[in-house]
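What follows is each chain in one-letter form.
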Amino acid sequence: IPALLALAASVAVLAASIVTVSTQPAPYDADAEYISEYSSLPGTVLTQVQGFEIEAELSRDERGRARLHVTERDTVHFDSEGTRVPQFIREWPSERLGQDLGFELESVRIGGAEVPFRELPQPTSLAMVTQLEDVLDGEHEVEIEYSLASAAVDAPNGADSLQQVRWTAWYSFWEDTYWTTPSRPFDGSAPVRPIRVQLTVAPDLVGEIRSGGWIDYDGDRDGPPGEDGNWYAPWESENHVYDDESRAYELRIGRETTGEDGSLIVELDVDGIRSREVDAAGQGGAFAVDPGVNAWLEKYELGLSSDLGVRLNFEPGTFSGIDPGAYERYTDDYALPYRLLLGLAGVVTLASIGVLVLALRRQRPPGASLKTVSFLAIPLLALAQCVLFFWTVMSMSGDDASGGAAIAIGTLMLCAVTVQAVVVGRRISAKPHLGSSPKAKRRDR
């Protein structure tokens, strides 16, 4: 009975593992996928953004929660040569570090008139796709208004506890060029313009800011999975670039100002970047806005290859409405698949060692129970662990040390499974030594 129960349990575990990997996304996807990145939704393939201006205001509502209100104006090219009515799709984060951000899509307008749209909730984001019935062609202005009712989350930083607002205006896959004729790519491309992002922080919050800047990436730091950009760059930064003729330029990117009411205003405007040409010694003239230089700048030259937006750290207690247990639940849920993987490997290894010891201690050939466990139950459990292994470890980034540990433990598990099966198999083929058994000794006496 124990052997049959072990076999039934192993079959159930294998079936559960297959169902899990077939129905659930990989838990540690190194390259997070979003529905809007390579959209195949009807009518969205040939629709392109030619420029955007996004303005946001961060304030504290009457209940003390962090409220972020955003107005986004996109210059969008609709192509009528497709087989479906052209549609426009956008996507924004709706959850972060286990907490619901309270995302609300308020309105979508094209040419000043409100248009119908459909919301497409994703695991950590919300996508929007228009539901246009009339065919649009050419360039149109799309205005979107949305808000985050609870934009701040609990973000532990070592021994410190911070309240953090991370506003992603555009995910990192935003394009800095577009095809001039979407249905005929060989006609050439043009740079996306304007590219402008602005955030205004209410005066009563400015003194509570501990640190912040434009979303950036630091290879020496860890960051939450699924976020492209784990650090922040100064509001005003410098960068050196070269044009096609190898002329060197020094750029001053971003701007920080104080409003008349004491609010903090930060702006990143590609058309307004100040630059100067420098010689081999790094000397040049005064900084000035040069439209000729700004026209060919791309996001990698501007250091904007991460999520495009803002990250702000506030003093603890600045905002209310933050779930104090969200971050802990988030980390536990994130670690659960990996823990299950290691736990199952441990169970298989211990079971293999137990069968091995039992087979070596028994003088008689293995019976039906031991054969069932050795050749059926344990291999099926090992197969289930392998299924989970490829689902979890293969989705980890290459520099994640957890993947190497899982490979080592999995190798040890497979060695234990193989050794116990070989030993049991040899015991089956070996002749029994009845003369040395206790029963034989009693018969002799």
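Each chain carries its own residue numbering, running from 1 in the written order of its sequence. Only residues with pLDDT of at least 70 get local features here, since the model is predicted, and only at 80 or more are side-chain atom pairs given and counted; chain-wide, interface and lining totals rely on the full set of residues. Excluding hydrogens and water, the side-chain values take into account all heavy atoms of the structure.

### A short note on the side chain of E250
By the secondary structure assignment, E250 is in strand β19 (residues 248-253). Relative accessibility under 20% of the residue-type maximum defines a buried residue, over 50% an exposed one, and the middle range a partly exposed one, all with a 1.4 Å probe and only protein chains included. Given the relative accessible area of 9%, E250 is considered buried. The term polar contact refers here to a pair of N or O atoms within 3.5 Å; inside protein, the definition further demands a hydrogen-donor-capable atom paired with an acceptor-capable atom, and it admits residues adjacent in sequence only when both atoms are side-chain atoms. A polar contact is formed between the side chain of E250 and the side chain of H240, at a distance of 3.3 Å. Helical segments are the DSSP runs of H or I of at least four residues, strand segments are the runs of E of at least two, and each set is numbered from the N terminus.

### Structural notes on the sheet that holds strand β23 (residues 288-289)
At least two bridges found by DSSP between two strands is the condition for calling them paired. One open sheet accounts for four strands, arranged β18-β19-β22-β23; its pairing is antiparallel. Taken across any chain shown, the strands that pair with only one partner, and hence form the sheet edges, are β18 (237-242) and β23. Across five bridges, β19 lies against strand β22 (residues 274-278) in antiparallel orientation. Of the residues in β22, the one forming a bridge with Y249 is E277.

### Considerations on the nonpolar core
Judged by nonpolar contacts, the single largest core of 66 residues is most densely connected at F52, L58, L68, I144, W167 and L199. Excluding residues that lie within four positions of it along the chain, I144 makes contacts with V70, T71, E72, D74, F88, R90, W92, L105, S107, V108 and M128. Buried Ala, Val, Leu, Ile, Met, Phe, Trp, Tyr and Cys residues form a nonpolar core when they are joined through side-chain atoms within 4.5 Å. In terms of nonpolar packing, the next biggest core, distinct from the first, is built from 26 residues, Y338, A359, A384 and V393 among them. Any pair of residues with heavy atoms lying within 4.5 Å of one another is described as a contacting pair.

### Topic: the packing of helix α1 (residues 2-23) against helix α5 (residues 368-392)
Note on definitions: angles span 0 to 180 degrees between N-to-C directions of axes, and those axes are lines fitted to C-alpha atoms, for helices only across the stretch in contact. Where α1 meets α5, the closest approach of the two axes is 9 Å, and the angle between their N-to-C directions is 15°. Classified by the interaxial angle, the pair formed by α1 and α5 is roughly parallel. For the pair α1 and α5, the sense of crossing is left-handed. Along its contact with α1, which presents A3, A6, L7, S10, V11, V13, L14, S17, I18, T20 and V21, the element α5 presents S369, T372, V373, L376, A377, L380, L381, L383, A384, V387, L388 and W391. For this classification, Asp, Glu, Lys and Arg are treated as charged, while Ala, Val, Leu, Ile, Met, Phe, Trp, Tyr, Cys and Pro are nonpolar and the rest, including Gly, are polar. Looking at the contact of α1 with α5, its residues break down into 18 nonpolar, five polar and no charged. By definition in this entry, angles of less than 35 degrees are roughly parallel, angles greater than 145 are roughly antiparallel, angles of 65 to 115 are roughly perpendicular, and the rest are oblique. The sense of a crossing depends on the near helix, which, turned anticlockwise from the far helix by less than a right angle, makes the crossing left-handed and, turned clockwise, makes it right-handed.

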